[in-house]
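Each chain is listed here by its residues.
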Amino acid sequence: MTSLLRNELGDGFSLRPFKAGQTSQDENSLIVTLGPEAFTLVRQESRNVPVLALLVDEPFIKDHSNDLGERRLGAIFYAPPLIRQAVAGKVILPHATRVSMLATPDSVSLYQQLTEQLPAFGMEGQVFVVSSSDKLIPTLIRALEYGDFLLAAPDRNIYNPQTIKHILLTTYRRNRIVIGPSQAYVKAGALASTYVPLTVVAGLAADLINEYQISNRFPPPVYPEAFRLEVNEQVARSLNIPLPSRQELAAEIKARLSSPMEGSND
């Protein structure tokens, strides 16, 4: 990521790693952080230094909403927006009208905005709350009985290395698919996920840095508009789901997102 960003910024910028303690001594140099841990470290050292946060998710940055008002904090979200993931499921399964989601009592809010957005795309959704770890599979089975597919958010309380195998196998055995939450999960057995290449993140980051140099302000945190689609063709074949090319699917997802009411007429 560092080399990609250096290439995008060109020779006019000096990009160098920082050591613990440095950010508290220099409140003028712009800091670019990679991931939530680096961001947290910098904010612990200084709340005045300007920061552009990369490779972070929207729920994480929302916890710093008071800081966002400063406009000295910018962010580019890395996880795909849930509505784009849901539309990907709709494009892959045109007959799909109901979306299932799993959440813990603490992560239900992840899906609140999505459930409000789904009707514009010809879908409705329901969140099934997992009250404890031993209730995960029974709750998942109820969710699969409701929905045409399971939409997975980047919620480590539900989707993690200890649970993902059981979730994918249970879903597969009930002839359902999982959309998201990342490329890694597609390789593990989810059917598809949209994602943003790091080259896109680096290009957008360079644009925001150049803008900050002029205005001394960042715009609100953003999702990159450009994305690609990862699909697990083996899972699709085993479930007898015909798939157009990834390029065709991605183009259809973009078209529906740009014209949601037209995309709701399947």
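Please read all numbers here as calculations on a predicted model, not as lab measurements.

Looking now at the nonpolar core. Counting residues in each nonpolar core, the largest one holds 52 residues, and the members touching the most others are L102, L114, F149 and Y159. The greatest single-element share of this core, amounting to 7 residues, is contributed by helix α5 (residues 82–92). The contact partners of L102, leaving out residues within four places of it in the chain, are Y111, F128, V130, L136, T139, L140, A143, L150, I158 and Y159.

Moving on, we come to the layout of surface pockets. Approximately 770 Å³ is the volume attributed to the largest pocket. Around the largest pocket sit 29 residues that line it, and E58, P59, L82, L110 and Y223 are the ones nearest its centre. For the lining of the largest pocket, the elements supplying multiple residues, two or more each, are α3 (58–62), α5, α6 (112–117) and α12 (246–258). Considering only enclosed or pocket space, the second largest pocket measures out at about 630 Å³ in volume. In terms of lining, the second largest pocket is formed by 23 residues, of which the most central are L15, R16, L30, I31 and V32. Counting only elements with at least two residues in the lining of the second largest pocket, the list comes to α1 (2–9), β1 (31–34) and α10 (198–215). Tallying contributions element by element places α1 first for the lining of the second largest pocket, with 4 residues.

A word on the pattern of salt bridges. In the structure shown here, the tally under the stated rule is 2 salt bridges. Across the salt bridge formed by E230 and R246, the nearest N and O atoms sit 3.7 Å from each other. Here R246 lies in helix α12 and E230 lies in strand β9 (residues 228–231), a separation of 16 residues in the sequence. A salt bridge links E252 to R256, with the nearest nitrogen and oxygen atoms 2.8 Å apart. With E252 and R256 both in helix α12 and 4 residues apart, this pair spans about one turn of that helix.

Attention shifts here to the environment of P17. Relative to the helices and strands, P17 is located in the loop between α1 and β1. In sequence terms P17 and T33 are 16 residues apart; their C-alpha atoms lie 10.0 Å from each other.

A few words now on helix α2 (residues 36–45). Listing the buried residues of α2 in full gives F39, V42 and R43. Each buried residue of α2 lies within a common arc of 95 degrees when the element is viewed along its axis, so the set occupies one face. Opposite its buried face, α2 presents the exposed residues E37 and Q44, each directed more than 90 degrees away.

Attention now goes to the packing of helix α7 (residues 136–146) against helix α8 (residues 164–173). Orientation of α7 relative to α8, taken along the N-to-C sense of each, is 35 degrees, at an axis distance of 10 Å. The interaxial crossing formed by α7 with α8 has right-handed handedness. Within the contact between the two elements, α7 uses L136, I137, L140, I141 and L144 and α8 uses H166, I167, T170 and T171. A class-by-class count of the residues in the contact of α7 with α8 yields 6 nonpolar, 3 polar and no charged.

This brings us to the sheet that holds β1. Read from one edge to the other, the open sheet built from 3 strands follows the order β1-β2-β3, with strand pairing classed as parallel. The open sheet has two free edges, formed respectively by β1 and β3 (73–77), since each of these has just one partner strand. Strand-to-strand, the axes of this sheet are offset by a mean angle of 15 degrees, without reference to chain direction. Those strands touched by α2 are β1, β2 (51–56) and β3, and its axis lies near 155 degrees from that of β2.

Moving on: the environment of E116. Along the chain, E116 turns up in helix α6. For E116 and I83, which are 33 residues apart along the polypeptide, the C-alpha to C-alpha distance reads 9.9 Å.

The omega torsion of the bond from G180 to P181 falls at -5 degrees, within 30 degrees of zero and hence cis. Take P181: it is sitting in the loop between β7 (177–179) and α9 (183–188). Of note in this structure, N175 is not a glycine but carries a positive phi near 60 degrees. Along the chain, N175 turns up in the loop between α8 and β7. Phi at N240 takes a positive value of approximately 60 degrees, unusual for a residue other than glycine. Mapping N240 onto the fold places it in the loop between α11 (233–238) and α12.

Conventions and cut-offs
Residues numbered from 1 in each chain as written. Predicted model: local features only at pLDDT ≥ 70, side-chain atom pairs only at ≥ 80, totals over all residues. Heavy atoms only, no water. Core = buried A, V, L, I, M, F, W, Y, C linked by side-chain atoms within 4.5 Å. Buried < 20%, exposed > 50% of the residue type's maximum accessible area, 1.4 Å probe, protein only. Helix = DSSP H or I, 4+ residues; strand = E, 2+ residues; numbered from the N terminus. Contact = heavy atoms within 4.5 Å. 1 Å grid on protein atoms, 1.4 Å probe; cavity = no way out; pocket = protein on both sides within 12 Å on 5 of 7 lines; lining within 4 Å. Points joined across faces, edges and corners; volume = space filled by probe spheres on them. Salt bridge = Lys/Arg side-chain N within 4 Å of Asp/Glu carboxyl O. Arc of directions from axis to C-beta. Axes fitted to C-alpha atoms, helices over the stretch in contact; angles between N-to-C directions. Left-handed = near helix turned anticlockwise from the far one by under 90°. Nonpolar A, V, L, I, M, F, W, Y, C, P; charged D, E, K, R; others polar. Pairing = 2+ DSSP bridges.

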